[in-house]
Amino acid sequence: MNLKTFLLGASTAIAISGMANAETITIATVNNGDMVRMQKLTDDFTKANPDIQLEWVTLEENVLRERVTTDIATKGGQYDVMTIGTYEVPIWAKQSWLLPLDNLGADYDVDDILPAIRGGLSADGKLYAAPFYGESSMVMYRKDLMEKAGLTMPDAPTWEFIADAARKMTNRDEGINGICLRGKAGWGENMAFLTAMSNSFGARWFDESWKPQFDSPEWKTTLDTYVKLMNDAGPQGASSNGFNENLALFQQGKCGMWIDATVAASFVSNPKDSTVADKVGYALAPDNGLGKRGNWLWAWTLAIPAGTQKAASAEKFIAWATSKHYLEIVAAKEGWANVPPGTRTSLYNNPEYQKAAPFAKMTLDSINSADPTKPTVKPVPYVGVQFVAIPEFQGLGTTVGQLFSAALAGQMSTDEALKQAQDAATATMTEGGYIQ
């Protein structure tokens, strides 16, 4: 055996041995575009960290929430990194289900995270999850269809304007729906939209004594407006449509307007995926002149469950995936317009991003206008814009979402849906000891 052959064989053996000794971390994540893109770019991480291998569990949003909640509550230990949202982080941190992120690295720059986003991911001064992307919600609309309808979209529209425009833009003969809104049941699906919408109508989930408020006139007006608007100007089968379904409809040119997550802007304006990329405009979520807009505040984040035995490797991955460096990787491969938005101040100060992303300012304005501590017109005992930050909300929110989805599908009246929502909420709050 010559020296060259010996050295080649030795190096191969070392590489194989290194892979055999590598620690595998399991990452549970959601099946949206940004997270799927992240999986394709992880060679950069594994090359720099050959002692860490990644195993992915990619799930639909509602399924992800159910699986990770069950796993962490039962100490199942299936995952080393969990993709969770702004709702779960403070609640789970308080229950000691998450590990604080104390070792993200000297160059990570925690202070660069947008204050509105960072605040929702911290407890007792410690960061318990790092945001992969942050979002609010806004109106995305077809400028050509708006012009054809003889209308001009204001930067800050009212619900009255949106409803009028949606009906005028609808052309069922050409397969164009004036508006696409979430209808799929789930506390993070249709109830994210409807709770944010209800804030702008003056509604609230609970009064200051935790008494449910679904029997209020404000909730009736909210639900009646939503169901009638969707019947008049929405797509068929809307009760089955969530974020991904409406994204596909908009990209295919079948929606005049879509009110949803600001993160969708990069997808609807990407000519590789969207047939209407050059026709999209943006506006703030609607209001009713009561001082609150129908926009939410959310971040998909990466967190470490307290039960993992691989915390150091998990934190290394989180530091990579939520870093400035990662944004530069996406920009180099996909362009600045496609980097995960809504997390870092430096991104919105970047001239290249400002130039590439026409939706950047509207996204930042939407995030900054959402106030989780004062989400409603009337005072409330809870925080959270499109959710109520109590453990019971996950189950109750999904129950109410199923009722409202059924009302949209015509399976029950809005009055019956609201009555059953009031009864379910009353039972939940009584059982939880919030009310007598």
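Residues numbered from 1 in each chain as written. Predicted model: local features only at pLDDT ≥ 70, side-chain atom pairs only at ≥ 80, totals over all residues. Heavy atoms only, no water.

**Q** Help me out: how do you make sense of the overall build of the protein chain in this one?
**A** Along its length, the protein chain carries 19 helices and 11 strands. Rg of the C-alpha trace for the protein chain: 23 Å, near the compact-globule value of 22 Å for 436 residues, within the 12% margin. For the protein chain, the C-alpha atoms occupy an extent of roughly 85 × 55 × 35 Å along the three principal directions. Out of the 436 residues belonging to the protein chain, those deemed buried represent 56%. Put simply, 74% of the contacts in the protein chain that link residues at least 6 apart link residues at least 24 apart. Separation of charge centres in the protein chain, based on 37 positive and 49 negative side chains, amounts to 3 Å. (Helix = DSSP H or I, 4+ residues; strand = E, 2+ residues; numbered from the N terminus. Rg over C-alpha atoms; globule rule 2.2 N^0.38 Å. Buried < 20%, exposed > 50% of the residue type's maximum accessible area, 1.4 Å probe, protein only. Contact = heavy atoms within 4.5 Å. Lys, Arg positive; Asp, Glu negative; His and termini not counted. Charge placed at Lys NZ, Arg CZ, Asp CG, Glu CD.)

**Q** I would appreciate a short explanation of the sheet that holds strand β7 (residues 137–142) in the present structure.
**A** Strand pairing in a sheet relies on backbone hydrogen bonds, with the paired strands running either antiparallel or parallel. Reading across from one edge, β8-β9-β7-β10 is the order of the four strands in this open sheet, with mixed pairing throughout. Two strands lie at the open edges of the sheet, namely β8 (177–180) and β10 (280–284), each paired on one side alone. Along the sheet, successive strands turn relative to each other by an average axial angle of 20°, direction set aside. Bridge analysis of β7 against β10 gives five bridges, and the strand direction is antiparallel. Each bridged residue has a counterpart across the sheet, and for Met138 the counterpart in β10 is Leu284. (Pairing = 2+ DSSP bridges. Axes fitted to C-alpha atoms, helices over the stretch in contact; angles between N-to-C directions.)

**Q** Would you take a moment to explain the pattern of salt bridges for this structure?
**A** A side chain of one charge can pair with a side chain of the opposite charge if their charged atoms are brought near each other. Applying the stated criterion across every chain, the model contains 21 salt bridges. Across the salt bridge formed by Arg182 and Asp260, the nearest N and O atoms sit 2.7 Å from each other. With Arg182 in the loop between β8 and α9 (190–200) and Asp260 in strand β9 (residues 255–261), this residue pair connects regions lying 78 residues apart in the sequence. A relative accessible area of 0% places Asp260 in the buried class. The partner of Asp224 in a salt bridge is Lys220, and the shortest N-O contact between them spans 2.9 Å. Residue Asp224 and its partner Lys220 are both found in helix α10 (residues 217–233); the two are separated by four residues, about one turn of the helix. (Salt bridge = Lys/Arg side-chain N within 4 Å of Asp/Glu carboxyl O.)

**Q** Quick question: what am I supposed to make of the packing of aromatic side chains here?
**A** A ring pair, where both rings are aromatic, is described by two values, the distance of the centres and the angle of the planes. Within the structure shown, the criterion is met by 32 aromatic pairs. Pairing Trp210 with Tyr382 gives two aromatic rings, centres 6.3 Å apart and planes at 40°, and the pair type is tilted. Note that Trp210 is positioned in the loop between α9 and α10 and Tyr382 in the loop between α17 (360–369) and α18 (393–408), a separation of 172 residues in sequence. We note that Trp210, like Tyr382, is buried. (Phe/Tyr/Trp six-rings, centres within 6.5 Å; stacked < 30°, edge-to-face > 60°.)

**Q** Explain the environment of Thr426 to me, please; I cannot follow it from the model alone.
**A** Looking at where Thr426 falls in the secondary structure, it is placed in helix α19 (residues 414–431). As for Thr426 and Lys211, which are separated by 215 residues in sequence, their C-alpha atoms are 7.1 Å apart. With residues up to four places along the chain from it excluded, the contact list for Thr426 reads Pro212 and Ile435.

**Q** Explain empty space enclosed by the protein here, please?
**A** It is the rolling of a water-molecule-sized probe over the atoms that shows where space remains empty. In the structure shown here, the tally under the stated rule is one cavity of 30 Å³ or more. Of the volumes computed, that of the largest cavity is approximately 40 Å³. Forming the walls of the largest cavity are Pro131, Phe132, Ala321, Thr322, Ser323, Tyr326, Leu327, Pro340, Thr343 and Arg344. Elements supplying a minimum of two residues to the lining of the largest cavity: β6 (130–135) and α14 (324–334). Counted by class, the lining of the largest cavity contains six nonpolar, three polar and one charged residues. (1 Å grid on protein atoms, 1.4 Å probe; cavity = no way out; pocket = protein on both sides within 12 Å on 5 of 7 lines; lining within 4 Å. Points joined across faces, edges and corners; volume = space filled by probe spheres on them. Nonpolar A, V, L, I, M, F, W, Y, C, P; charged D, E, K, R; others polar.)

**Q** Looking at this structure, I do not really get the sheet that holds strand β2 (residues 52–59). What am I missing?
**A** With respect to topology, five strands assemble into an open sheet ordered β2-β1-β3-β11-β6, the strand pairing being mixed. Edge positions in the sheet fall to β2 and β6, since each has one partner strand and no second. The sheet shows a mean angle of 20° between the axes of neighbouring strands, taken without regard to direction. Summarising the sheet, strand β1 (residues 23–30) and β2 pair through eight bridges and their orientation is parallel. Following the sheet pairing, Val30 is matched in β2 by Leu59. Against the sheet, helix α2 (residues 33–40) engages β1, β2, β3 (81–85), β6 and β11 (298–303), with an angle of about 140° to β6.

**Q** Would you mind showing me how to read helix α4 (residues 61–73) here?
**A** Helical periodicity: at 3.6 residues per turn, an α-helix aligns residues three or four positions apart in one direction. Its 13 residues place the ends of α4 18 Å apart at the C-alpha level, agreeing with the 18 Å of an ideal helix rising 1.5 Å per residue. Within α4 the residues assigned to the buried category are Glu61, Leu64, Arg65, Val68, Thr69, Asp71 and Ile72. Considered in projection along α4, the buried side chains sweep an arc of 165° and stay on one side of the axis. The residue sitting at the N-terminus of α4 and contributing the capping side-chain oxygen is Glu60; that oxygen lies 3.2 Å from the backbone nitrogen of Asn62. Looking one or two residues beyond α4, the residue adopting positive phi is Lys75, at roughly 55°. (Expected span 1.5 Å × (residues − 1). Arc of directions from axis to C-beta. Polar contact = N/O pair within 3.5 Å; in protein donor to acceptor, adjacent residues only side chain to side chain.)

**Q** In this structure, what is going on with the environment of Asp71? I would like to understand it.
**A** As for its position among the elements, Asp71 is in helix α4. Linking Asp71 and Gly119, residues 48 residues apart in sequence, is a C-alpha distance of 26 Å. Filtering out sequence-adjacent residues up to four positions away, Asp71 remains in contact with Gly76, Gly77, Gln78, Tyr79 and Met82.

**Q** Before we go on, may I ask you to explain the packing of α10 against α19 in this structure?
**A** For any two helices packed against each other, the geometry comes down to the angle between their axes and how far apart the axes lie. Orientation of α10 relative to α19, taken along the N-to-C sense of each, is 135°, at an axis distance of 10 Å. One element, α10, and the other, α19, form an angle in the oblique class. Note on packing geometry: the crossing formed by α10 with α19 is right-handed. Facing α10, whose interface residues are Trp219, Lys220, Leu223, Asp224 and Val227, α19 presents Thr414, Asp415, Ala417 and Leu418. Considering only residue class, the contact of α10 with α19 consists of five nonpolar, one polar and three charged. (Parallel < 35°, antiparallel > 145°, perpendicular 65-115°, else oblique. Left-handed = near helix turned anticlockwise from the far one by under 90°.)

Geometric values such as these leave the question of function open.
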